[in-house]
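# An overview of the molecular structure
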Amino acid sequence: MGDPLLDAPALAARGKFMVGVRTLQLFNPNQIDVINTLTNDSTIVYDRPLTVEVWYPAVLEIGQVQLTIYTDFLGRSDKPGSLRAYTFLGRATRDARPNTTDGPYPLVVVSHGYPGSRYLLAYLCENLASKG
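First, a word on scope: everything that follows refers to the structure included in this document. Along each chain, residues carry numbers from 1 onward, in the same order as the chain's sequence is written. Given that this is a predicted model, residues contribute local features only at a pLDDT of at least 70 and side-chain atom pairs are listed and counted only at 80 or more, while totals for whole chains, interfaces and linings are drawn from all residues. In computing side-chain values, all of the structure's heavy atoms are included and hydrogens and water are not.

## Digging into the overall build of the protein
As a reminder of what qualifies: Numbering of helices and strands starts at the N terminus; helices are DSSP runs of H or I of at least 4 residues and strands are runs of E of at least 2. Only C-alpha atoms enter the radius of gyration; for comparison, a globular chain is expected to reach 2.2 Å times N to the power 0.38, where N is the number of residues. The classification of residues rests on relative accessible area computed with a 1.4 Å probe and restricted to protein chains. Under 20% of the type maximum is buried, over 50% is exposed, and intermediate values are partly exposed. The contact rule is simple, with two residues in contact once any of their heavy atoms fall within 4.5 Å. We get accessible surface area from the Shrake-Rupley algorithm with a probe of 1.4 Å; when it comes to residues, only the shown protein chains can shield them. Here Asp and Glu are counted as negative and Lys and Arg as positive; His is not counted, and neither are the chain ends. Lysine's charge is taken at NZ, arginine's at CZ, aspartate's at CG and glutamate's at CD.
Helix and strand counts for the protein stand at two helices and six strands. Computed over its C-alpha atoms, the radius of gyration of the protein comes to 18 Å, more than 25% above the 14 Å expected for a compact globule of 132 residues. Considered along the principal axes of its C-alpha atoms, the protein spans approximately 55 × 35 × 30 Å. Residue burial in the protein is summarised as follows: out of 132 residues, 24% are buried. Put simply, of all contacts in the protein between residues at least 6 apart along the chain, 67% involve residues at least 24 apart. Here the protein has roughly 9500 Å² of accessible surface; of this, 60% comes from carbon and sulfur atoms. Taken together, the 12 basic and 12 acidic charged side chains of the protein have centroids lying 4 Å from each other.

Next up, the structure:
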């Protein structure tokens, strides 16, 4: 799983680093609440929650395995009954210790677009993190 096929380009191979992944809960303060502002006479703002996934070069402890299960939903939350859960395996270790000895590493921001899931490009993010 996650290894390139024999005819894959050279850069498809994973790098030398183990990969960690963790979920961060961030907030964008004072963002305009577009839906409620459109139906109101004044501008409404809120602290918008933003869940992000971070993949990074990691150091695994004894017994840790480079494997995780990504779980999310497909469908529209505004349409009852349309959400369907899905899961798939990834090659990263959840909450592994970051590798701080071989850095510094670049920051790469990957956006899946709308609509979508933060896991849609997990295979690419794992691969990039394995290369530092």
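Still more to cover.
## A short note on the pattern of salt bridges
Let me state the cut-off plainly: Salt bridges, as used here, are contacts in which a Lys or Arg side-chain nitrogen is within 4 Å of a carboxyl oxygen on Asp or Glu.
All chains considered together, the criterion is met by five salt bridges. Measuring nitrogen to oxygen at the nearest pair gives 3.9 Å for the salt bridge that ties Glu 126 to Arg 14. With Glu 126 in helix α2 (residues 122-130) and Arg 14 in the segment before β1 (18-32), the pair connects residues that are 112 residues apart, well separated along the chain. We classify Glu 126 as buried; its relative accessible area is 6%.

## Description of the sheet that holds strand β2 (residues 45-59)
As a reminder of what qualifies: Only strands that DSSP links by at least two bridges are regarded as paired with each other. Simply put, an axis is a line fit to the C-alpha atoms, just over the touching stretch for a helix, and the angle between two N-to-C directions goes from 0 to 180 degrees.
What the four strands build is an open sheet, ordered β5-β1-β2-β6; its pairing is mixed. In the strand order of this sheet, the two ends are held by β5 (93-94) and β6 (97-98), each with one partner. One ladder, built from two bridges, connects β1 with β5; its direction is parallel. From the neighbouring strand, Val 21 faces β5, where its bridge partner is Arg 94. Where α2 meets the sheet, it contacts β1 and β2, and its direction lies at approximately 50° from that of β2.

## As for the packing of aromatic side chains
Quick note on the threshold: Aromatic rings from Phe, Tyr and Trp, taking only the six-membered ring of Trp, are treated as a pair when their centres fall within 6.5 Å; an angle between ring planes under 30 degrees marks them as stacked, one over 60 as edge-to-face, and anything in between as tilted.
A full pass over the atoms with the stated rule returns five aromatic pairs. Here the aromatic rings of Tyr 70 and Tyr 119 are separated by 4.9 Å at their centres, their planes lie at 40°, and the arrangement is tilted. Taken together, the positions of Tyr 70 in strand β3 (residues 68-74) and Tyr 119 in the loop between β6 and α2 put the pair 49 residues apart, joining distant regions of the chain. The exposure classification of Tyr 70 matches that of Tyr 119, with both residues buried. Each member of the aromatic cluster is reached from another via a ring pair, and the members are Trp 55, Tyr 70, Tyr 86, Phe 88 and Tyr 119.

## Some remarks on the nonpolar core
Short version of the rule: Put simply, a nonpolar core is a bunch of buried Ala, Val, Leu, Ile, Met, Phe, Trp, Tyr and Cys residues held in one set by side-chain atoms that sit within 4.5 Å of each other.
Counting residues in each nonpolar core, the largest one holds ten residues, listed as Val 19, Val 21, Trp 55, Tyr 70, Tyr 86, Ala 92, Tyr 119, Ala 122, Cys 125 and Ala 129. Within the residue set of this core, elements represented by two or more residues are β1 and α2. Broken down by element, this core gets its largest block of residues, three residues, from α2. In this view, Cys 125 contacts Trp 55 and Val 110; residues no more than four positions away in its chain are not counted.

## Side note on α2
Turning to α2, its buried residues are Ala 122, Cys 125, Glu 126, Asn 127, Ala 129 and Ser 130. Packed against the buried residues of α2 are β1, β2, β3 and β4 (84-90). Taken from the residues just after α2, Gly 132 is the one with a positive phi, measuring 85°.

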